[in-house]
Amino acid sequence: MQNNTKPPRKIVIVGGGTAGWMTASLLQHAWNKYGTEITLIESADIDTIGVGEGSTPYLKTFFTKLNIEESEWMPACHATYKCGISFPNWSSDSEYNNYFHPFFSPLDLKSGNALFDNCCIRRRGHPADTHPNDFFVSATLARRQLSPIPKKKMPFIPDYGYHFDAALLGQFLKKRAVSLGITYLVGTIDSVAQHDNGEICGLSSKEHGLLTGDFFIDCSGFSGLLINKALKEKFISFKENLFNDAAVAIPTPIEPNKNIPSETVSKALSNGWMWKIPLVSRYGNGYVYSSKYISAQAAENELRQHLGESAKGMPARHIKMRVGRVEKHWSHNCLAIGLSQGFIEPLEATALMLIQLSIEHFIHNYEKGQHTNKYRPAYNKRINEFFDGVRDYVVTHYKLNQRNDSEYWRANRNNSHISKNLKQLLQVWDDGSDFEALLTKQTKSLVYLRPSWYCILAGMGRFPPVDNPNMVKFSATPADKVRLYCESVSQQFVSHQTQLKRIYGAS
Ligand SMILES: Cc1cc2nc3c(=O)[nH]c(=O)nc-3n(C[C@H](O)[C@H](O)[C@H](O)COP(=O)(O)OP(=O)(O)OC[C@H]3O[C@@H](n4cnc5c(N)ncnc54)[C@H](O)[C@@H]3O)c2cc1C
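Residues numbered from 1 in each chain as written. Predicted model: local features only at pLDDT ≥ 70, side-chain atom pairs only at ≥ 80, totals over all residues. Heavy atoms only, no water.

Draft legend 1. Structural context of the overall build of the protein chain. Within the protein chain, the secondary structure is distributed over 17 helices and 23 strands. A compact globule built from 507 residues should have a C-alpha radius of gyration of about 23 Å, and the protein chain, at 23 Å, falls within 12% of that. Across its three principal axes, the protein chain shows a C-alpha extent of roughly 75 × 50 × 50 Å. Considering only intrachain contacts with a sequence separation of at least 6, the fraction spanning at least 24 residues in the protein chain is 76%. Total accessible area computed for the protein chain in this model is approximately 21,200 Å², and 52% of it derives from carbon and sulfur atoms. Taken as two groups, the 57 positive and 47 negative side-chain charges of the protein chain have centres that lie 2 Å from each other. (Helix = DSSP H or I, 4+ residues; strand = E, 2+ residues; numbered from the N terminus. Rg over C-alpha atoms; globule rule 2.2 N^0.38 Å. Contact = heavy atoms within 4.5 Å. Areas by Shrake-Rupley, 256 points an atom, 1.4 Å probe, with all protein chains shown as cover. Lys, Arg positive; Asp, Glu negative; His and termini not counted. Charge placed at Lys NZ, Arg CZ, Asp CG, Glu CD.)

Draft legend 2. Inspection of the state of the cysteines at higher detail. Applying the stated criterion to the full structure yields zero disulfides. Just so you know, C486 is unpaired, no disulfide at all, and the nearest cysteine sulfur is the one on C455, 11 Å from it. (Disulfide = S-S within 2.5 Å.)

Draft legend 3. Broad picture of the packing of helix α1 (residues 18–31) against helix α9 (residues 351–368). Where α1 meets α9, the closest approach of the two axes is 10 Å, and the angle between their N-to-C directions is 30°. In terms of orientation, α1 and α9 fall into the roughly parallel class. In the packing of α1 onto α9, the handedness of the crossing is right-handed. In this structure, α1 contributes T18, A19, M22, T23, L26, L27, A30 and W31 to the contact, and α9 contributes L352, I355, Q356, I359, E360, F362, I363, Y366 and E367. Looking at the contact of α1 with α9, its residues break down into twelve nonpolar, three polar and two charged. (Axes fitted to C-alpha atoms, helices over the stretch in contact; angles between N-to-C directions. Parallel < 35°, antiparallel > 145°, perpendicular 65-115°, else oblique. Left-handed = near helix turned anticlockwise from the far one by under 90°. Nonpolar A, V, L, I, M, F, W, Y, C, P; charged D, E, K, R; others polar.)

Draft legend 4. The site of the ligand, seen in detail. The ligand sits among 33 residues. The nearest are I46, V51, G54, L339 and L352. The backbone of I46 places a nitrogen or oxygen atom 2.6 Å from an oxygen atom of the ligand. At 2.9 Å from an oxygen atom of the ligand is found a main-chain nitrogen or oxygen belonging to L352. For the ligand, whose free accessible area comes to 1,000 Å², the fraction covered by protein is 96%. For the shell around the ligand, the secondary structure elements donating two or more residues are α1 and α9. Tallying contributions element by element places α9 first for the shell around the ligand, with three residues. The class makeup of the residues in the shell around the ligand is 18 nonpolar, 13 polar and two charged. (Near = heavy atom within 4 Å. Polar contact = N/O pair within 3.5 Å; in protein donor to acceptor, adjacent residues only side chain to side chain.)

Draft legend 5. Examining the layout of surface pockets more closely. Considering only enclosed or pocket space, the second largest pocket measures out at about 560 Å³ in volume. Along the walls of the second largest pocket sit 24 residues, with P57, M353, V447, Y448 and L449 positioned nearest its centre. Residue assignment for the lining of the second largest pocket shows that the elements contributing at least two residues are β5 (98–102), α9, α10 (376–399), α14 (443–446) and α15 (450–459). Examining the composition of the lining of the second largest pocket, we find that three residues originate from one element, α15, more than from any other. (1 Å grid on protein atoms, 1.4 Å probe; cavity = no way out; pocket = protein on both sides within 12 Å on 5 of 7 lines; lining within 4 Å. Points joined across faces, edges and corners; volume = space filled by probe spheres on them.)

Draft legend 6. Structural detail: the nonpolar core. Ranked by size, the top nonpolar core spans 126 residues in total, and within it W73, F362 and W453 carry the most contacts. Among all residues touching F362, those that are not within four sequence positions of it are L27, W31, F215, W330, L335 and Y379. Counting 13 residues, the second largest nonpolar core, distinct from the first, contains I41, I200, L226 and C334. (Core = buried A, V, L, I, M, F, W, Y, C linked by side-chain atoms within 4.5 Å. Buried < 20%, exposed > 50% of the residue type's maximum accessible area, 1.4 Å probe, protein only.)

Draft legend 7. Structural context of the pattern of salt bridges. Considering all chains together, one arrives at 19 salt bridges under this definition. We note a salt bridge from E487 to R143, for which the minimum N-O separation is 2.8 Å. One end of the pair, E487, is in helix α16 (residues 479–490); the other, R143, is in helix α5 (residues 137–143), and 344 residues separate them in sequence. By relative accessible area, R143 is classed as exposed at 52%. Note that R304 and E300 form a salt bridge whose closest N and O atoms lie 3.0 Å from each other. (Salt bridge = Lys/Arg side-chain N within 4 Å of Asp/Glu carboxyl O.)

Draft legend 8. The arrangement of α9 in detail. Look at α9: 25 Å from first C-alpha to last across 18 residues, which is about the 26 Å you get at 1.5 Å a residue. With 13 of its 18 residues buried, α9 lies for the most part within the structure. Within two residues after α9, Q370 carries a phi angle of roughly 50°, on the positive side. (Expected span 1.5 Å × (residues − 1).)

Draft legend 9. Quick peek at unusual backbone geometry. Although it is not a glycine, N67 adopts a positive phi angle of roughly 60°. Positionally, N67 belongs in the loop between α2 (58–65) and α3 (70–76). The exposure class of N67 is exposed, given its relative accessible area of 65%. Of note in this structure, K232 is not a glycine but carries a positive phi near 60°. Topologically, K232 is positioned in the loop between α7 (225–230) and β13 (235–237).

Draft legend 10. Main features of the pairing of strand β14 (residues 246–252). Burial of β14 is extensive: six of the seven residues sit out of reach of the surface. As paired strands, β14 and strand β17 (residues 283–289) are joined by seven bridges and run antiparallel to one another. If you follow V248 over to β17, its bridge partner there is Y287. As paired strands, β14 and strand β18 (residues 317–320) are joined by four bridges and run antiparallel to one another. Following the sheet pairing, A246 is matched in β18 by K320. (Pairing = 2+ DSSP bridges.)

Honestly, it's all geometry; don't read function into it.
Here it is in structure tokens:
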């Protein structure tokens, strides 16, 4: 292992999807000062995945780091604000028919704690108010179609994410990166040249011959051109944990001048779930399903039926998904980012967050190791923890479902292929013992924090039957009181429509 004072002189990125352009942007930002040359090559014959239109709040830090204002990128990408995700129809019990997974803020500190306390009472079989929709400001903002932006400056605002057009985001980042000096090539890589020790030395294409470099980034999508095909790194499938392996997407028009929702809706269907993502120019919709339980045609029909008239004549795009992750995201002189490194189905819209975390951790570890591979094993371990943590949270939705209308939902509920961490969380929650202590113990591997775990477990009604239904509710803080608080805080926020007009008007 050689000690270098500088990052690689020449980096070659394969793939011009969101992963490729996010990687190029962050590497350029970090290492331009060292004179690192970055080339991105993408194929004209292989399409990008063309979906991926919802984010977590983490994406905000991506734009902040690159000094890109909302008024610059949001209009270019037809973007809207996202206060969280609502989950209708995951249960056939009317009390738990819909719950909201909000993005949090210090505004929720008191009300969130009230929910945690109430859950503690309810887990022991006593009646208490525990529907998470009542306890978080973002849930109220979304319900009232408000933006997460306050009318006047506040000490805290809720975390928020975005919805955006995936293709436009790629174009926006590409234009910016190229203007800042990244070399962009169009060509299809047909072979990978390697040294005897396995390190990659160049990528061949008819269009550009052999493209050499010191470090290579695989953003080639599900094909895993460098990481799987050339370096033969193992792919660990999550198919035993997560059954969905396909999706069908159909856009629908959005009514102009109507208030645009500030939430994603992830509604359970017969053999999976559908997303509905509002952009300023259209809705993005899709059905994520398991091909073992429903055919592509039947899934498309079911999605069209749910979308109604608005989907008439709109094209459907069918997508196969490879769900899982590689064992080593950084191998030899190659880093896999995006769908090539792995994918967890999009229920919580986490893929761009994992892309961003993977690049940022790589830059950090590479620099910490004086630009060597010293921290490669630690890096791979940490990125695997992120993937496995997100997987466990997504699996929880399926494990807790209470639908009985298809074999798919029963099989998900009865699935025993869940991680040790998740088994332990459910066991401790169910037996009424110290859930808080377990959350603290598992903090590093969980990815999702305390409020998210309470929201999903309470929101999906994971409680024992009430021991005496006539008993007066014990709630430490009744829902009515918290609802009033959330309502009054929400008065201080701008409507989503007005905020979008401000942002779009300023462009
Ligand atoms: C159904 C579905 C819904 C999703 N929803 C979300 C969501 O809501 N939120 C979220 O964060 N993420 C979501 N994702 C994930 C998200 O779409 C991806 O993580 C993101 O778009 C990054 O994709 P990518 O750039 O890795 O791959 P791709 O978009 O597939 O790009 C691959 C690139 O590699 C190039 N390429 C491939 N082979 C070669 C070759 N031989 N030579 C040269 N170039 C090559 C292609 O031309 C292309 O440019 C979703 C994914 C799916 C499947």
